Amino acid sequence: MARAADETELERLGLYDPSAPDAEDRLRLLARLFELGASVEEVVQASRLAGLGSLSLDLSIRPPGETYSLDDFARTSGLDPVLVGQMWLALGLPASGAIPLEVTPDAAAALRLLVGMVSMVGEDSALGVARVIGSSAARLAESVTDALRIGIEVPSLEGGTTYSQVVEDYSTSGRELLPMFLDAVNAVFRRHLVLVSYQMWSTDEDRAAVTRELTVGFADVVGSTEAVRAGSVAELAYMVRRFEEQVWDVVTRAGGRVVKLIGDEAMFVAEEAAPACGMALDLVERSPYPVRVGLARGAVVGLFGDYYGETVNLAARLVAVADPSSALVSDGVRRAAADAFRFEPEPVHTLKGFGEPVRTHRLHRRS
């Protein structure tokens, strides 16, 4: 166990002020950190970052076993040190900086696995997968943390619970609930893996990437920038949350996939054109805010969970010129959806990145 410091040393190090109103609570929190195995150096560093609670969480969820600095792990792991550093950065984890991020035993196993993937799929693909893991994990961590802060931590502190008790509560919950939460993420990933395996696919001529024939859609909230300027943070949060919930519900129920959500804009895909048209109209009709949608159909290139190519660019251009509360579709969507919907011809558009004028249609239901 790391050496604990007494009150005199804590005061000398600037960690404890016996005359402060919260002196007793502060001392209780520091004692808890030393019980969890924190060193004096770790506590001092965390205190400088106003992160004693973060250190408590780290020590509570950290698996048993030796931890290393990234440099020490890279030097002693038997792996290519340069590749280890590249993989760590690809995971979105800083190699240096104010926040100390050691290579814990589970992180070391993750690095070994991902570096080992290089021999199977190549360095570029392995690093690409690592970037997807890192960005997904970062978003998940921030989403869960924000929800707990607003839903539990702030109400607890406002209700009179001491900070040391709040820290102990969420550190204990993290230790006890995190394994079950990760099991849930694991289960959902397995289901998605099966779902993706059923998709039709091909490759480009050079066999460098997977290609698919898809209908690609972009949707955005019209006038959201002006609403943000005129409204409050709460109103912005409500608008974005409602939009994301609606996109996720409409697209998933109809068998499509939400590729990404970027604030007031969403990208989604569907195997067939007719279901995508239904999604587009549902988004327009059900939203409490003016929403516009652009749809295009054709070949797309799949790279690390995202899609690229002319079809994607066309859908993005179409949503930008669509009228508020409408869906604008390409001629390819009209041909593929056939008689399932009504298509009102629009004036041809000259779109950025497209040399020839593009034929478009405003989408309507048949009845």
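This text follows the structure it describes.
Here the structure is a predicted model, which is why all the values come from computation and not from measurement.

Undergrad: I keep staring at unusual backbone geometry and nothing clicks. Help me out?
TA: For residues besides glycine, phi is generally negative; the peptide bonds are generally trans as well. If you check the backbone angles, Arg207 has positive phi at about 55° while not being a glycine. Looking at the secondary structure, you find Arg207 in the loop between β1 (202-203) and β2 (210-221).

Undergrad: What exactly am I supposed to notice about helix α2 (residues 23-35) here?
TA: It helps to recall that an α-helix has 3.6 residues per turn; residues three or four apart then point in one direction. Counted at 1.5 Å a residue, the expected span for α2 with its 13 residues is 18 Å, and the 18 Å between its end C-alpha atoms agrees. For α2, the full list of buried residues reads Ala23, Asp25, Leu29, Leu30, Leu33 and Phe34. Contacts from the buried residues of α2 go to α1 (7-12), α3 (40-48), α4 (52-61) and α9 (163-197).

Undergrad: I keep staring at the side chain of Gln246 and nothing clicks. Help me out?
TA: Along the chain, Gln246 turns up in helix α11 (residues 233-253). Apart from residues no more than four positions distant in its own chain, Gln246 is found in contact with Leu283, Arg286 and Ser287.

Undergrad: I keep staring at the side chain of Arg292 and nothing clicks. Help me out?
TA: Structurally, Arg292 is set in strand β5 (residues 291-303). Polar contacts involving the side chain of Arg292 include one to the side chain of Asp220, which spans 3.0 Å. There is a polar contact of 3.5 Å between the side chain of Arg292 and the backbone oxygen of Ala322. Those residues in contact with Arg292 that sit more than four places away from it in its chain are Phe218, Ala219, Asp220, Val222, Val319, Ala320, Ala322, Asp323, Ser325 and Ser326.

Thresholds, definitions, all that
- Residues numbered from 1 in each chain as written.
- Predicted model: local features only at pLDDT ≥ 70, side-chain atom pairs only at ≥ 80, totals over all residues.
- Heavy atoms only, no water.
- Helix = DSSP H or I, 4+ residues; strand = E, 2+ residues; numbered from the N terminus.
- Expected span 1.5 Å × (residues − 1).
- Buried < 20%, exposed > 50% of the residue type's maximum accessible area, 1.4 Å probe, protein only.
- Contact = heavy atoms within 4.5 Å.
- Polar contact = N/O pair within 3.5 Å; in protein donor to acceptor, adjacent residues only side chain to side chain.

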